[in-house]
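# Understanding the architecture of this molecule
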Amino acid sequence: GFDSGVINGTVEALQKAFQASDIGSGFNVASMLLGCAAGAFLAGTLADKLGRRTVLIITAVFFLISAWGSGAAGSSAVFIFARILGGFAVGAASILCPAYISEVAPAKIRGALASLQQLAIVLGLFMAFVSNYLLAQAAGGASEVFWLGFQTWRWMFWMELIPSFVFLVALFLIPESPRFLVAVGRAAHAEKVFQRLGCLVEEAEAKVREVEASLSAGHKPRMSDLYDAAARRIHPIVWVGVGLAAFQQFVGINVVFYYGEVLWRAAGFTEGQALLTNVITGAVNIGSTLVAMALIDRIGRKPLLIVGSAGMAFTLGVLAVVFSRAAMASGSTPGLQGGDAVTALIAANLYVVFFGISWGPVMWVMLGEMFKNQFRGAALSVSGFSQWISN
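First things first, this report covers the structure right here in the doc.

About the criteria used
- Residues numbered from 1 in each chain as written.
- Predicted model: local features only at pLDDT ≥ 70, side-chain atom pairs only at ≥ 80, totals over all residues.
- Heavy atoms only, no water.
- Helix = DSSP H or I, 4+ residues; strand = E, 2+ residues; numbered from the N terminus.
- Buried < 20%, exposed > 50% of the residue type's maximum accessible area, 1.4 Å probe, protein only.
- Salt bridge = Lys/Arg side-chain N within 4 Å of Asp/Glu carboxyl O.
- Axes fitted to C-alpha atoms, helices over the stretch in contact; angles between N-to-C directions.
- Parallel < 35°, antiparallel > 145°, perpendicular 65-115°, else oblique.
- Contact = heavy atoms within 4.5 Å.
- Core = buried A, V, L, I, M, F, W, Y, C linked by side-chain atoms within 4.5 Å.
- Polar contact = N/O pair within 3.5 Å; in protein donor to acceptor, adjacent residues only side chain to side chain.
- Patch = residues over 30% accessible without salt bridge, like charges linked within 9 Å, V, L, I, M, F, W, Y side chains within 5 Å.
- Areas by Shrake-Rupley, 256 points an atom, 1.4 Å probe, with all protein chains shown as cover.
- Phe/Tyr/Trp six-rings, centres within 6.5 Å; stacked < 30°, edge-to-face > 60°.
- Expected span 1.5 Å × (residues − 1).

## Details of unusual backbone geometry
Not every positive phi belongs to a glycine, and Leu148 is a case in point at roughly 55°. Tracing the backbone shows Leu148 in the loop between helix H6 (110-139) and helix H7 (152-158). Since its relative accessible area comes to 72%, Leu148 is described here as exposed. Residue Arg232 is not a glycine yet carries a positive backbone phi of 55°. Looking at the element boundaries, Arg232 is found in the loop between strand S1 (227-228) and strand S2 (233-234).

## What about the pattern of salt bridges?
Applying the stated criterion to the full structure yields six salt bridges. A salt bridge links Arg301 to Glu369; the shortest N-O distance between them is 2.8 Å. Here Glu369 lies in helix H17 (residues 359-369) and Arg301 lies in helix H15 (residues 301-324), a separation of 68 residues in the sequence. Judged by its relative accessible area of 18%, Arg301 falls in the buried class.

## Description of the packing of helix H3 (residues 22-50) against helix H4 (residues 52-72)
The geometry of H3 relative to H4 is characterised by a closest axis approach of 7 Å and an angle of 125° between their N-to-C directions. Here H4 runs oblique to H3, going by the angle between their axes. For the pair H3 and H4, contact is made by Leu46, Ala47, Asp48 and Leu50 and by Arg52, Thr54 and Val55, respectively.

## Quick notes on the nonpolar core
One finds Tyr258 and Trp388 to be the most contacted residues of the largest nonpolar core, which totals 87 residues. For this core, the element with the most residues is H6, which contributes 11 residues. Apart from the residues within four sequence positions on either side, Trp388 is in contact with Leu33, Cys36, Ala37, Ala40, Val90, Gly91, Ser94 and Tyr258. Within the second largest apolar cluster, 11 residues are counted, among which are Trp264, Leu336, Ala347 and Ala348.

## Some thoughts on the side chain of Ser66
With respect to the secondary-structure elements, Ser66 resides in helix H4. A residue is classified by how much of its surface remains accessible, and Ser66, at 0% relative accessible area, is buried. A distance of 3.4 Å separates a polar atom in the side chain of Ser66 from the backbone nitrogen of Gly86.

## Quick word on the environment of Met159
Positionally, Met159 belongs in the loop between H7 and helix H8 (161-171). For Met159 and Leu135, which are 24 residues apart along the polypeptide, the C-alpha to C-alpha distance reads 10.0 Å. What Met159 contacts, discounting residues up to four positions off in sequence, is Phe2, Ser131, Leu135 and Trp147.

## Here's the deal with the environment of Ile58
Residue position: Ile58 is located in helix H4. For the pair Ile58 and Ala93, spaced 35 residues apart in sequence, the C-alpha separation works out to 9.8 Å.

## With respect to a nonpolar patch on the surface
Taken together, the side chains of Phe41, Leu42, Leu46, Leu50, Ile58, Phe385 and Ile389 make up a nonpolar region of the molecular surface, amounting to roughly 580 Å² of accessible area. Every element with two or more residues in the nonpolar patch is listed here: H3 and helix H18 (376-390). The dominant element in the nonpolar patch, judged by the number of residues it contributes, is H3, at four residues. Tracing the chain through its elements places Leu46 in helix H3. On the basis of relative accessible area, Leu46 is assigned to the partly exposed category, the value being 33%.

## Brief notes about the packing of aromatic side chains
What the rule picks out here adds up to 14 aromatic pairs. A centroid spacing of 5.4 Å and a plane angle of 65° characterise the contact between Phe41 and Phe385, whose relative ring orientation is edge-to-face. Linking Phe41 in helix H3 with Phe385 in helix H18, this pair joins segments that are 344 residues apart in sequence. A relative accessible area of 36% means that Phe41 is categorised as partly exposed. Summarising the aromatic geometry, the rings of Trp155 and Trp158 are spaced 5.0 Å apart at their centres and angled 90° between planes, so their arrangement reads as edge-to-face. Of the two residues, Trp155 and Trp158 are both situated in helix H7; the distance of three residues between them amounts to about one turn of the helix. We note that Trp155, like Trp158, is buried.

## A look at H3
Taking 1.5 Å per residue as the helical rise, H3 with its 29 residues ought to reach 42 Å, and the 41 Å between its terminal C-alpha atoms agrees with that figure. Phi turns positive one or two residues past the end of H3, at Gly51, with a value near 105°.

## Here's the deal with helix H14 (residues 271-299)
Since the α-helix packs 3.6 residues into each turn, any two residues three or four apart lie on the same face. Given a rise of 1.5 Å per residue, 29 residues ought to cover 42 Å, and the 41 Å separating the end C-alpha atoms of H14 matches this to within 8%. Once H14 finishes, Gly300 follows within two positions and takes phi at roughly 95°, a positive value.

Right under this line is the structure:
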């Protein structure tokens, strides 16, 4: 979440620092997503071979390298390389975290616990927005020189070193997924993990047998398991996962999360006001995600998706109308005045609310629980690839 959100607030400063064109600036932002797509696609296969925890530790190291490299970059090329590396970590973690959670969580609270994936993402986004706002306020702007003679935007990226280090250390405190252990023939170890997670001895033994039964194909998980040889087609549930992942991005949420500062400055806000608006939006996102966590195991996944879709369609329609009638302040820059500015701000945050109670967390929950054990890793990889390419 922090890695994705930190770019919001640095776009103009990066453009000045690297003397980038509009296209180059756009690629500075979007380059991370190339890494995300690759990380998501490879994560499942790597996790099936090396283990969920091991691959997550590798991603934590990549986060650290990317955070330092992004802030230290002296050119667009170096910056893009560092961001792609961080993107690989984001993509891999985005797939492995819901998989891990779904594999250790009791069924009755699996939805709420899987929602922690999205809660963690929005908390990371929020902290990135807060960090960027405080640094810009203290220095006088993202392009201004700050601590130790470095520009503020560099410190915005270096702040990511803190959550990255915490992530790395915390990973050494969790067990490997018991379902992965069963898949690689370490049933006794898996029983101990189930016991550590709160199961009685008999329950742990039963769960191991249950996982063994679900791995009925008789071989280690592999990408080809996505193809149903008997029906001569890809399993339909895989297409559902791909569609859910793509539509979560096609609703347009990352226009707000990546370019919020640019968007609100175009609407007439100052840099400080735009960054503060990002913080407010981040807080709204956290609140709506908490609501989703409270509702998801009570009213179900699909009803939340339907309500969220309708709400986002309406609020985006309001935004379209408001911006379409905005006067052009300078050149091609729209300037919202008075009531229209307030309407746009309210509609944008309501849009985030509808996303936060629906597609934000629900997509991750469904991906984590909808696939069979035999091809879960592969299906998550393909769905994650779809999600980040759509992004």
